[in-house]
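Structural features, examined
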Amino acid sequence: MNKRKLTLLGSCLMMAVAAWATEKNLNGPDGRLSVTVTDEGGKPAYSVTYGGVPFLMESPLGLETNLGDYTTGMSLAKVSEVEALSDSYYLPNIKQSHVDYRANRQVFTFSKDGKAIYDVEFQVSDNDVAFRYKLYQQGDTRSCVIRREATGFVMPEGTTTFLCPQSGPMGGFARTSPSYETSYTADDAMGKNGWGNGYTFPCLFRNGDQGWTLVSETGTDGGYCGCRLLNVEGGEYAIGFPQEGEMNGLGSVTPGIPLPGMTPWRTVTVGETLAPIVETTVAFDVVKPKYKASQTYAYGKGTWSWIIGMDGSTNYDTQKAYIDFSAAMGYQSLLIDALWDQQIGRERIAELAAYGAKKGVALYLWYNSNGYWNDAPQSPRGIMDNAINRRREMAWMKSVGIRGIKVDFFGGDKQQTMQLYEDILADANDYGILVIFHGCTLPRGWERMYPNYASSEAVLASENLHFSQGSCDAEAFNACLHPFIRNTVGSMDFGGSALNKYYNDKNEPRGSRRVTSDVFALATAVLFQSAVQHFALAPNNLTDAPAWAIDFMKQVPSTWDEVRFIDGYPGRYVILARRSGDRWYVAGVNAQKETLKLKVRLPMLAGADGLKIYRDDKSLNGSVKTLKLNKKQEAEIEIPANGGVVIVR
Ligand code: CA
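These remarks concern the structure in this document. Just so it is clear, the structure is predicted and the values come from calculations on it, not from any experiment.

Rules used throughout
- Residues numbered from 1 in each chain as written.
- Predicted model: local features only at pLDDT ≥ 70, side-chain atom pairs only at ≥ 80, totals over all residues.
- Heavy atoms only, no water.
- Pairing = 2+ DSSP bridges.
- Helix = DSSP H or I, 4+ residues; strand = E, 2+ residues; numbered from the N terminus.
- Axes fitted to C-alpha atoms, helices over the stretch in contact; angles between N-to-C directions.
- Parallel < 35°, antiparallel > 145°, perpendicular 65-115°, else oblique.
- Contact = heavy atoms within 4.5 Å.
- Nonpolar A, V, L, I, M, F, W, Y, C, P; charged D, E, K, R; others polar.
- Donors = N, O, S within 2.8 Å, 3.2 Å for Na, K, Ca; no water.
- Buried < 20%, exposed > 50% of the residue type's maximum accessible area, 1.4 Å probe, protein only.
- Expected span 1.5 Å × (residues − 1).
- Polar contact = N/O pair within 3.5 Å; in protein donor to acceptor, adjacent residues only side chain to side chain.
- Core = buried A, V, L, I, M, F, W, Y, C linked by side-chain atoms within 4.5 Å.
- Phe/Tyr/Trp six-rings, centres within 6.5 Å; stacked < 30°, edge-to-face > 60°.

Turning next to the sheet that holds strand 35 (residues 622-627). Here we have 6 strands laid out as an open sheet, ordered 30-31-32-37-34-35, and antiparallel in their pairing. Only two strands of the sheet have a single neighbouring strand rather than two, namely strand 30 (562-569) and strand 35. Strand-to-strand, the axes of this sheet are offset by a mean angle of 15°, without reference to chain direction. Examined bridge by bridge, strand 34 (residues 611-616) and strand 37 (residues 644-648) share 4 bridges and lie antiparallel to one another. Within strand 37, the position partnered with Ile613 by the bridge is Ile647.

Across the interface, helix 14 (residues 518-527) lies against helix 16 (residues 547-555) with an axial gap of 10 Å and an inter-helix angle of 5°. One element, helix 14, and the other, helix 16, form an angle in the roughly parallel class. Here Asp518, Val519, Leu522, Ala525 and Val526 of helix 14 lie close against helix 16, whose contacting residues are Trp548, Ala549, Phe552 and Met553. Split by residue class, the contact of helix 14 with helix 16 holds 8 nonpolar, no polar and 1 charged.

Attention shifts here to the coordination of the calcium ion. Looking at the calcium ion, the protein donor atoms are Glu181 (OE), Glu457 (OE), Glu457 (OE), Glu463 (OE) and Glu463 (OE), and they sit 2.3 to 3.2 Å from it. For the calcium ion, the single-chain donor residues occur in sequence as E-x275-E-x5-E. Taken as a pair, Glu181 in the loop between strand 14 (160-163) and strand 15 (185-188) and Glu463 in helix 11 (residues 463-467) lie far apart in primary sequence, 282 residues in all. Residue classification places Glu463 among the buried residues on the basis of a relative accessible area of 17%.

With that out of the way, let us pick up helix 5 (residues 316-329). In an α-helix, one turn spans 3.6 residues, which is why side chains three or four residues apart end up on the same side. With 14 residues, helix 5 ought to run about 20 Å at 1.5 Å a step, and its terminal C-alpha atoms sit 20 Å apart, in line with that. On its buried face, helix 5 is in contact with strand 23 (300-304), strand 24 (333-336), helix 7 (346-358), strand 25 (362-368), helix 15 (541-544) and helix 16. Measuring from the backbone nitrogen of Asp317 back to the side-chain oxygen at the start of helix 5 gives 3.2 Å, which picks out Asn315 as the cap. Of the residues trailing helix 5, Gly330 is marked for its positive phi of about 75°.

Let us now look at unusual backbone geometry. Pro178 follows Ser177 through a cis peptide bond whose omega is 0°. Within the fold, Pro178 resides in the loop between strand 14 and strand 15. Along the chain, Leu259 connects to Pro260 via a cis peptide bond; the corresponding omega equals -5°. In this structure, Leu339 takes a positive phi of about 75° despite not being glycine. Residue placement: Leu339 occurs in the loop between strand 24 and helix 6 (340-343). Phi is positive for Ala458, close to 50°, though the residue is something other than glycine. One can find Ala458 in the loop between strand 28 (453-456) and helix 11.

This paragraph deals with the nonpolar core. The biggest cluster of nonpolar side chains holds 203 residues, and the ones touching the most others in it are Phe122 and Phe437. Aside from chain neighbours lying at most four places away, what touches Phe437 is Val407, Phe410, Tyr421, Ile424, Leu425, Trp446, Tyr453, Ser455, Ser456 and Glu457. Within the second largest apolar cluster, 6 residues are counted, among which are Ala174, Leu339, Ala376 and Phe409.

Next up on the list: helix 14. Among the 10 residues of helix 14, 10 are classified as buried, and the element is accordingly described as predominantly covered. Three or more residues of helix 14 are buried, namely Asp518, Val519, Phe520, Ala521, Leu522, Ala523, Thr524, Ala525, Val526 and Leu527. The N-capping residue of helix 14, defined by a side-chain oxygen 3.3 Å from the backbone nitrogen of Val519, is Ser517.

Once that is clear, we can look at the packing of aromatic side chains. On inspection of all chains with the given rule, the structure shows 36 aromatic pairs. Plain terms: the ring middles of Trp304 and Trp306 are 5.8 Å apart, the flat faces sit at 15° to each other, and that makes the pair stacked. Each member of the pair, Trp304 as well as Trp306, carries the same accessibility label: buried. Arranged with centres 5.4 Å apart and planes meeting at 80°, the rings of Trp560 and Tyr585 form a pair that is edge-to-face.

Right, dumping it as structure tokens:
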């Protein structure tokens, strides 16, 4: 028998095996994380185990499209060889500047009535499963509408949830929802569906004593809609498309794709501890840059007057004083919020930009995204929603040296809104402008996809601390959730770390009162990751805040090389370590009523001289002392309720 015949026989055997196969395993590189894919009963499905322990039970796969229902009557027709992927990339604006990604990739082709319909492409790394669909062209049909994704996530019995409900459309302030600004419920039972509209990504689950599961999505661009997680029943959750009423009821809730074409990635991160959840880079590992940076973008720290002074503070004199304040802090930028076009005007903005440039302080300008999708009266309006006005404005920005924009009040997650995000980013890159989104959706891998993307809100952010005492009272609780959930998949523009005792420009006893300590404010500057930070500091803090706190806020980095989970429990307390260059920052906060007393091992600080510890006494009065680790590289930490700790090498 010659070689060609042997190969032919081999492929016949493989095809035969494939035809019988109804179940196939794919493991991650270290062999602990395992995905099983099946077509049992004609229904594509997958399950996930870690160290042999079930983390996702048999969960549905499949798509219902305008070309056919591809959730049933399917068979697993072909399984590719396992391909060992390795990729190294540098991304200075996420939690870890250099990432070495290793994963095993396998493609599962499902057919119906003998025709190949779609591939489900899985990439399994040591703690992350990512998968997406690739639909084939059907004859001469080169386009399709996805009516429903069957894609589900079935949690083991006894799982508890840490979820953030999706708000209804056209609600909230000036009919601007949903904008990912609702509050989490921690350690809740399964079987609920938020406020009736499911949950925003990412979604955290505790698999009893076995570990943790984070479900999210990444790679979403203008070619698909942003999705949410719906509860089907009990422990079964499924991908949900946007709500009909978003964008003032206009635009489709169903995404359309060309054929062949792909969906975004669904991601499942699994860990026996919270370390893989905090440290995951999967949101960035599986996406690629969509265009080249037009220039090297400068991240960094800044201030903004609006969080303390609100709309009235957007005037020339206050902004000039804040430029001086940013300069005094050694910060690189100032964010000028809503109404600058009316209360300052473009000519005097140009003057402020020139004044700031002399002091090394660049400007970010706020814009309303609308449009026809909300009633928010704040101006400038009607610029960012169309290419002609937007590009004219960006050319002006470039001419006066504006560093970035903050675009607010988006209309939801429909495909056309996702296209607007992408269009704003792509146009801004043409003019060398960084982009922050507010009142917006979750960023889904955007730090890597769009080189001029800076950060997004998509969280109940610092503005709520100004608006209500209830938010201040829950500040520590929320701060103990974000590092495990919202902030672990993408930059979070929280705008916090206030050192004012009261959220008003006199820092006098009225309005909402900060109940967290100054050390807490310092700790969140480390815990909350965003390469561009605009802190809620005010010029009066130069004289009314402790000198050690101001000094810390001057030198704390906004870009990081590495992150390590030290200890914590979502909603109760969190201690993380972040590295910038050769300096480690260990930061923790406590939301529990009792003082947290812990002995933590900090091997990254071993042998270091002159460690500094910022800590609180029982009355939340902060101080800075020197610290020595014991021989086991341990430190004893005490954090009172609403307090914090920071150890700096
Ligand atoms: Ca907001």
